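# Structural overview for review
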Amino acid sequence: MTHPALGVRALDLAAPATFVENDVHEFWRAVRADSPVFWHEPMGRNPGFWVVSRHQDIQSLLHHEALSSARGNVLDVVLRGDDSAGGSMVAVTDPPRHRPLRNLIWSAFTPRVLGSVVEKVRERTGALITKVVELDTFDFATEVAEQVPMTTICDLLSIPAADRADLLRWNKMALSSDHADSDEFEALGARNEIVLYFMELAALRRASPGDDVISTLAAARVEGELLTEAELAVNCYSLILGGDETSRVSAISAVLALMENPDQWDALRDGTVSFESAVEEVLRWSSPAMHLARTAKADFTIDGHEVREGDIVTLWTISGNNDEAVFDEPRRFTLSRSPNKHLSFGHGPHFCLGAYLGRAELSALLRALVAKVGRMEPRGAPRPIYSNFLNGYKSLPVRFQGR
Ligand code: HEM
């Protein structure tokens, strides 16, 4: 069916398969050109929602006072109706509480804590790449990309070594990208285990504080009150939710893009482009989180459209990251791209709290590849993730030849 306003086939943007079975970049190009803000009709049991596709509109709406994150910040959750962590977890808390809560978490990420975490990220990534170089074929997704982010978050939160295996196991069961092959009840149970685990850990650290992130959060006050153990737990969990899958898929996309663009791999190896600039292009190119969702708290107008209080508004950062009004030849992977004002970490008051770590993880990967790998070859088709939120692959069979 052709969308009357878009002149392209209407896609169901809530359906995970849409993003695997269609050329979505072609779709977004047409949307930006012909109907940059449009109302997505209700489909199946889902209500309708606004779709915003241009970089400039997304940026300005991410600052808009009429938009709330408290009912969820991803489409699946707002379509279901509510986020149970709304008002407790930083990503789904609105002003006035959001700012002090965010400042508190940010203040716990001291340079000393971050410095030691980044040091470990570099060591671990280097060791992982050394292990896979010269293997005949291996899955980069499971053998490398999956191994870094959760361990980084565990280091950040000083999770005791003895508890890490449980946390990793629950997190794997809870992952949204694996829903197709996992049991929804099992996933829910695993998420509860994680929250309960963090509640116990928060109580322990409150009773005998150390100088780690959870102890800092447990001792500090937001609007004059200590956080409850449940609030501490959901905010610890939010670091896993925010930092695990996004980092993982961006690493997988980085390797795929470098294999598909050998000139860019050469530029990285011979030092023609800096690692800093390469990391930003990987983030733009991979757009790990395809959209951000909000709910209107009041009526407002965008691009001549009247948004009503209660409407769901989705901001497609994957489209903004490819907006030709901002990026020259957006479908070219250009590691030296500058400026590179991508929206992969969001924008405005909820800008990613883990951006420094996310960048450090990618930088460690690119540095380890350049140091240890001569040639990277695909060894089979990558397997895409079925999701309306997470963009990328869950399996990438490859072979790395040493330098
Ligand atoms: C927020 C993306 C890594 C923790 C966000 C947002 C995006 C994002 C788009 C904005 C959400 C919104 O506006 O509703 C990414 C990407 C990453 C990454 C692409 C990696 C490549 C991390 C890491 C952590 C983390 C490593 C934790 C250590 C958070 C938190 C928020 C957030 C806590 C909420 C901030 C707030 O609401 O004030 N992230 N993230 N992220 N991210 Fe990340």
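In this report, the structure presented in the accompanying data block is examined.

Quick notes on the rules
- Residue numbers here run from 1 along each chain, matching the order of that chain's written sequence.
- With pLDDT at 70 or above as the cut-off, local features in this predicted model cover only qualifying residues; side-chain atom pairs require 80 or more to be listed or tallied, and sums for whole chains, interfaces and linings still use all residues.
- As a rule here, side-chain values cover all heavy atoms of the structure and leave hydrogens and water aside.
- In this text, buried Ala, Val, Leu, Ile, Met, Phe, Trp, Tyr and Cys residues form a nonpolar core when linked through side-chain atoms within 4.5 Å.
- Burial here depends on accessible area, computed with a 1.4 Å probe over protein chains only, as a share of the maximum for the residue type. Under 20% is buried, over 50% is exposed, and the range in between is partly exposed.
- Strands are runs of DSSP state E lasting at least 2 residues, helices are runs of H or I lasting at least 4, and numbering of each runs from the N terminus.
- By definition, residues are in contact when any of their heavy atoms lie within 4.5 Å.
- Paired strands, as defined in this entry, are two strands with at least two bridges between them according to DSSP.
- A fitted line through C-alpha atoms represents every axis, and for helices the fit uses only the stretch in contact; the resulting angles, taken between N-to-C directions, go from 0 to 180 degrees.
- Roughly parallel means an angle under 35 degrees; roughly antiparallel, over 145; roughly perpendicular, 65 to 115; everything else is oblique.
- Just so you know the grouping, Ala, Val, Leu, Ile, Met, Phe, Trp, Tyr, Cys and Pro go in nonpolar, Asp, Glu, Lys and Arg go in charged, and all remaining residues, Gly too, go in polar.
- Here the expected length of a helix is defined as 1.5 Å per residue gap, with one fewer gap than residues.
- Centres within 6.5 Å are what make two rings of Phe, Tyr or Trp a pair, Trp counting through its six-membered ring; a difference in plane orientation under 30 degrees is then read as stacked, over 60 as edge-to-face, and the rest as tilted.
- Counted as over-ring charges are cases with an Arg CZ or a Lys NZ within 6 Å of the ring centre that also lie within 35 degrees of the ring normal.

Time to look at the nonpolar core. Core analysis: the largest hydrophobic core is formed by 87 residues, its most contacted members being Ile129, Phe140, Phe198, Leu268, Leu369 and Phe400. No other element matches helix α17 (residues 355-372), which puts 10 residues into this core. Among residues more than four places away in sequence, those in contact with Phe140 are Ile129, Ala145, Ala251, Ile252, Val255, Leu365, Leu396, Val398 and Phe400. Core analysis: the next-biggest nonpolar cluster, separate from the first, contains 19 residues, Leu13, Val24, Ile312 and Ile318 among them.

As a further point, take the pairing of strand β10 (residues 312-315). The two faces of β10 match: Ile312 and Thr314 on one face and Val313 and Leu315 on the other face are all buried. Across three bridges, the pairing between strand β2 (residues 49-52) and β10 is parallel. Looking across to β10, one finds that Trp50 is bridged to Val313. The pairing of strand β7 (residues 292-296) with β10 spans four bridges and is classified as antiparallel. Paired with Thr295 across the bridge in β10 is Ile312.

For helix α8 (residues 149-156), the buried fraction is high: eight of the eight residues fall into the buried class. For α8, the complete set of buried residues consists of Pro149, Met150, Thr151, Thr152, Ile153, Cys154, Asp155 and Leu156. Buried residues in α8 make contact with α6 (111-132), α9 (161-174), α11 (213-219), α12 (229-243), α13 (245-260) and α17. Taken from the residues just after α8, Ser158 is the one with a positive phi, measuring 50 degrees.

Where a strand is regular, its side chains alternate between the two sheet faces. Where burial is concerned, most of β7 is hidden: five out of the five residues are buried. Side chains Leu292, Arg294 and Ala296 project from β7 onto one buried face, and the interleaved Ala293 and Thr295 project onto a second face that is buried too. With two bridges joining them, strand β3 (residues 67-68) and β7 adopt antiparallel strand pairing. Residue pairing for β7: Ser68 is matched across the bridge by Thr295.

Looking now at the packing of α13 against helix α14 (residues 262-269). Running from amino to carboxyl end, α13 crosses α14 at an angle of 105 degrees, the nearest separation of the two axes being 5 Å. On the basis of their axis angle, the class for α13 and α14 is roughly perpendicular. Of the residues in α14, those touching α13 at Leu258, Met259 and Glu260 are Pro262, Gln264, Trp265 and Leu268. For the contact of α13 with α14, the class distribution of residues is five nonpolar, one polar and one charged.

Assignment of secondary structure puts Ala254 in helix α13. For Ala254 and Leu362, which are 108 residues apart along the polypeptide, the C-alpha to C-alpha distance reads 8.3 Å. Aside from chain neighbours lying at most four places away, what touches Ala254 is Val282 and Leu365.

So, on to α13. The end-to-end C-alpha distance of α13 is 22 Å, a good match for the 22 Å that 16 residues give at a rise of 1.5 Å each. Burial of α13 is extensive: 15 of the 16 residues sit out of reach of the surface.

Now for the sheet that holds strand β11 (residues 373-378). Paired through backbone hydrogen bonds, the strands of a sheet run either parallel or antiparallel to each other. Across the sheet, three strands lie side by side as β4-β14-β11; this open sheet has antiparallel pairing. Two strands in the sheet have a free side with no partner beyond their single neighbour: β4 (138-139) and β11. With two bridges joining them, β4 and strand β14 (residues 397-402) adopt antiparallel strand pairing. Bridge pairing links Asp139 to Pro397 in β14. Its contacts with the sheet put α13 on β11 and β14, and the angle it makes with β11 is roughly 90 degrees. Those strands touched by α17 are β11 and β14, and its axis lies near 110 degrees from that of β11.

Take the packing of aromatic side chains next. The tally for this structure, following the rule as stated, stands at 11 aromatic pairs. Centroid distance Phe345 to Phe351: 6.0 Å. Interplanar angle 70 degrees. Geometry classified as edge-to-face. Three or more aromatic residues joined by ring pairs make a cluster, and in this case those are Phe19, Phe27, Trp28 and Trp316. Positioned above the aromatic ring of Trp285 is the side chain of Arg331, whose terminal nitrogen or guanidinium carbon lies 4.2 Å from the ring centre.

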